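Given next are the chains, with one letter for each unit.
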Amino acid sequence: MKIGHNPDTATALSKAAANKQQAKAAAPAPAAEEAAQGAPRAAAGVPVTLSAAARGVDATKSTADFDTAKVKAIKAAIEKGTFRVDAEAVADKLLANAYETLSHSRG
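### Quick word on the overall build of the chain
Looking only at helices and strands, one finds 5 helices and 0 strands in the chain. In the chain, the succession of α and β elements from N to C terminus is α-α-α-α-α. Expressed as a percentage of the 107 residues in the chain, the buried residues total 1%.

In structure tokens, the structure reads:
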């Protein structure tokens, strides 16, 4: 027998879970009731409004997030084995990103 293990509690919990499952099976789901009635119900909740800044985020986003020509050129260079990574540029960008992240977290 395990320490702290009470067989009566385990039996009671399993019976409660079985009763809950039976109750769920007996009651039709709200979505099923709605579909059967064919009448849409209003969704319960709080109305949501977006700020002008939030609405502008999607509008200012360009359709192309990257330069496809540059991606093709880099892919070709990798396939040819001529692509070289500029370690100094990578390090500079990592440091700049870390500085930006830290300055935002400090507030």
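### Side note on a nonpolar patch on the surface
A contiguous nonpolar patch, built from I74, I78, F83, V85, V90 and L94 and spanning about 540 Å² of accessible area, is present on the exposed surface. Within the secondary structure layout, L94 lies in helix α5 (residues 87-106). The class of L94 is exposed, set by a relative accessible area of 57%.

### Structural notes on helix α4 (residues 68-80)
Relative to the 18 Å expected for 13 residues at 1.5 Å per residue, α4 spans 18 Å between its end C-alpha atoms, a close match to the ideal helical length. Two or three places before A69, at the opening of α4, D67 has a side-chain oxygen 3.3 Å from that residue's backbone nitrogen. The positive-phi residue at the C-terminal boundary of α4 is G81, with phi of around 85 degrees.

### Some remarks on α5
Every α-helix winds through 3.6 residues per turn, so residues three or four apart in the chain are directed the same way. Taking 1.5 Å per residue, 20 residues should reach 28 Å; α5 reaches 29 Å between its end C-alpha atoms and fits that length. In terms of residue burial, α5 counts as a barely covered element, since only 0 of its 20 residues are buried.

### Notes on the confidence of the model for the chain
Mean pLDDT for the chain: 75, with 52% of residues reaching 70 or above. Confidence scores differ between elements of the chain, with helix α2 (residues 30-37) showing the lowest mean pLDDT of 54 and α4 the highest of 95.

About the criteria used
Residues numbered from 1 in each chain as written. Predicted model: local features only at pLDDT ≥ 70, side-chain atom pairs only at ≥ 80, totals over all residues. Heavy atoms only, no water. Helix = DSSP H or I, 4+ residues; strand = E, 2+ residues; numbered from the N terminus. Buried < 20%, exposed > 50% of the residue type's maximum accessible area, 1.4 Å probe, protein only. Patch = residues over 30% accessible without salt bridge, like charges linked within 9 Å, V, L, I, M, F, W, Y side chains within 5 Å. Areas by Shrake-Rupley, 256 points an atom, 1.4 Å probe, with all protein chains shown as cover. Salt bridge = Lys/Arg side-chain N within 4 Å of Asp/Glu carboxyl O. Expected span 1.5 Å × (residues − 1). Polar contact = N/O pair within 3.5 Å; in protein donor to acceptor, adjacent residues only side chain to side chain. pLDDT = per-residue confidence, 0-100.

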